[in-house]
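Descriptive analysis of the structure
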Amino acid sequence: MAGLTTTKAPFIEEAKANGELYIRQPYELYSEENQETWRRLYARIRPRWEQYANPKFMEGINNLALDPHAIPHLVDINKFLEPLSGFKAKAVSGYVPAYVFFDSLRNREFPTTITIRDISTLDYLPEPDIFHDVAGHVPMHTDRQFADVLVRFGEVARFAAQHAQEIPNEDERVRIIESIIKGMARFFWFTIEFGLMKRPTGGLCVYGSGLLSSYGEIAHCIESPEVQRYPFQLEWVINQYFEIDHYQPLLFIVDSFDHLFSEVHRLEEWIKDGKLNNLSPGEPEVNEDDLKSFLNASVGVGV
Ligand SMILES: [Fe+2]
């Protein structure tokens, strides 16, 4: 049986070929091996969550009643999630262009991958999978304050698209929006995906989903002397390139979700002031789809 293994699922290939971004979760297609992958991933990381994750994440795991023994049904997850923060997980076939992704957050919808990594590569895969999205991201969405950070980020994306579309010269418009998208992607990476937070009792904990879904890196990011950990500094974060295919050598620490929220607000102010118009080059690449998604976003310019 083909199952719903990442990069090897005919159901997903077909959806992509038909141009379908939002899809159903064809639960009956998960193979026994897919289920075993979930069980192994969950069982080995659970003690590390208890040790390293921020307390809101653990509350989220409990509030979602996430099953250690079976891949979750998104409809079940949403029954618990929606009453808590208004968020819902929405199944997608694959890559979501940057603006569409951020705008989903503004609408309290989280584009969610439904495939699961191959059982032979539990540790690393470059693509997101359901373990990263549902066990790494979604528990954080149960927290009102964190959910509001994501919504605010979506509002900033909308503001950025609006701001860019008002630039009359086309070359200038493309150059500036490309730089802004890069800055937003870096911000998202160093917070929502790989953020660290101070513990009120001293020490650090993890709130970034890339860390929360990695058995190796969740410990490495806190324990290893090779990782540089600095207080969050907006001018640095938006100019700092990153690579996705190895453990992160540099991470940023926020004080609280309140602090994070205020930095997202500041990001918008900085876009307004032109401070994101010419960021340092380097990763991430802004692809054509990301660019178009911002340039063609319907944001009611002139209304
Ligand atoms: Fe992610």
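Before reading further, recall that the structure is shown in the block above.
Rules behind the numbers
- Residues numbered from 1 in each chain as written.
- Predicted model: local features only at pLDDT ≥ 70, side-chain atom pairs only at ≥ 80, totals over all residues.
- Helix = DSSP H or I, 4+ residues; strand = E, 2+ residues; numbered from the N terminus.
- Rg over C-alpha atoms; globule rule 2.2 N^0.38 Å.
- Buried ≥ 20, exposed ≤ 12 C-beta atoms within 10 Å, placed from the backbone.
- Contact = placed C-beta atoms within 7 Å.
- Axes fitted to C-alpha atoms, helices over the stretch in contact; angles between N-to-C directions.
- Parallel < 35°, antiparallel > 145°, perpendicular 65-115°, else oblique.
- Pairing = 2+ DSSP bridges.
- Expected span 1.5 Å × (residues − 1).
- Arc of directions from axis to C-beta.
- Core = buried A, V, L, I, M, F, W, Y, C linked by C-beta atoms within 7 Å.
- Nonpolar A, V, L, I, M, F, W, Y, C, P; charged D, E, K, R; others polar.
- Right-handed = clockwise from strand over helix to strand, strands pointing away.

1. Focus: the overall build of the chain
Of regular secondary structure, the chain possesses 13 helices and 6 strands. Against the globule reference of 19 Å for 303 residues, the chain gives a C-alpha radius of gyration of 19 Å, in line with a compact fold. Seen along its three principal axes, the alpha-carbon backbone of the chain occupies a region of about 55 × 50 × 35 Å. Buried residues in the chain amount to 41% of all 303 residues. Sequence separation of at least 24 residues holds for 70% of the intrachain contacts in the chain that already meet a minimum separation of 6.

2. Some remarks on the packing of helix α5 (residues 98-106) against helix α13 (residues 288-295)
It is at 6 Å that the axes of α5 and α13 come closest, and there the two elements cross at 55°. On the basis of their axis angle, the class for α5 and α13 is oblique. Contacts between α5 and α13 involve A98, Y99 and V100 from the former and D290, S293 and F294 from the latter.

3. Considerations on the sheet that holds strand β6 (residues 250-254)
Reading across from one edge, β4-β3-β6-β5 is the order of the 4 strands in this open sheet, with mixed pairing throughout. Two strands close off the open sheet at either side, each with one partner strand: β4 (204-206) and β5 (228-231). Direction aside, the axes of adjacent strands within the sheet are offset by 35° on average.

4. Some remarks on helix α4 (residues 74-85)
Because each turn of an α-helix spans 3.6 residues, side chains separated by three or four positions in sequence point in the same direction. Compared with the 16 Å implied by 1.5 Å per residue over 12 residues, the 16 Å span of α4 between its first and last C-alpha is a close match. Within α4 the residues assigned to the buried category are L74, I77, L81 and S85. For α4, the angular spread of the buried residues around the axis is 55°, confining them to a single face. Looking at the packing, one finds that the buried side of α4 touches β1 (88-92), β2 (109-113), α6 (130-141) and α7 (144-165).

5. Considerations on the nonpolar core
Among the nonpolar cores identified, the biggest contains 78 residues, and F153, A160, I180, V206 and F294 are the most heavily contacted of them. It is helix α8 (residues 170-193) that provides the largest number of residues to this core, a total of 11 residues. Beyond its immediate chain neighbours, meaning those up to four positions away, F153 contacts F102, L105, F188 and V264.

6. Side note on the packing of α7 against helix α12 (residues 257-272)
The interhelical angle for the contact between α7 and α12, taken along N-to-C directions, is 5°, at an axis separation of 9 Å. In terms of axis orientation, α7 runs roughly parallel to α12. On α12, the residues that touch Q145, F146, D148, V149, R152, F153, V156, F159, A160 and H163 of α7 are F257, L260, F261, V264, H265, L267, E268 and I271. Within the contact of α7 with α12, the residues separate by chemical class into 12 nonpolar, 3 polar and 3 charged.

7. Topic: helix α2 (residues 32-52)
Compared with an ideal rise of 1.5 Å per residue, which puts 21 residues at 30 Å, α2 spans 30 Å between its outermost C-alpha atoms and is within 8% of the ideal. Among all positions of α2, only N34, T37, W38, L41, I45 and Y52 are buried. The inward-facing, buried residues of α2 contact α6, β4 and α10 (217-223).

8. Some details on the pairing of β2
Within β2, 4 of the 5 residues are buried, which leaves it mostly tucked inside the rest of the structure. With α5 bridging β1 and the parallel β2, this β-α-β connection has right-handed handedness.

9. Some details on unusual backbone geometry
At the junction of E283 and P284, the peptide bond is cis and its omega measures out at 0° in the coordinates. Take P284: it is sitting in the loop between α12 and α13. A positive phi angle is found at T7, which is not glycine, with a value near 70°. By the secondary structure assignment, T7 is in the segment before α1 (10-17). The partly exposed category is assigned to T7, around which 14 C-beta atoms lie within 10 Å. A positive phi is found at R108, a non-glycine position, where the angle reads about 60°. Examined against the element boundaries, R108 turns out to sit in the loop between α5 and β2.

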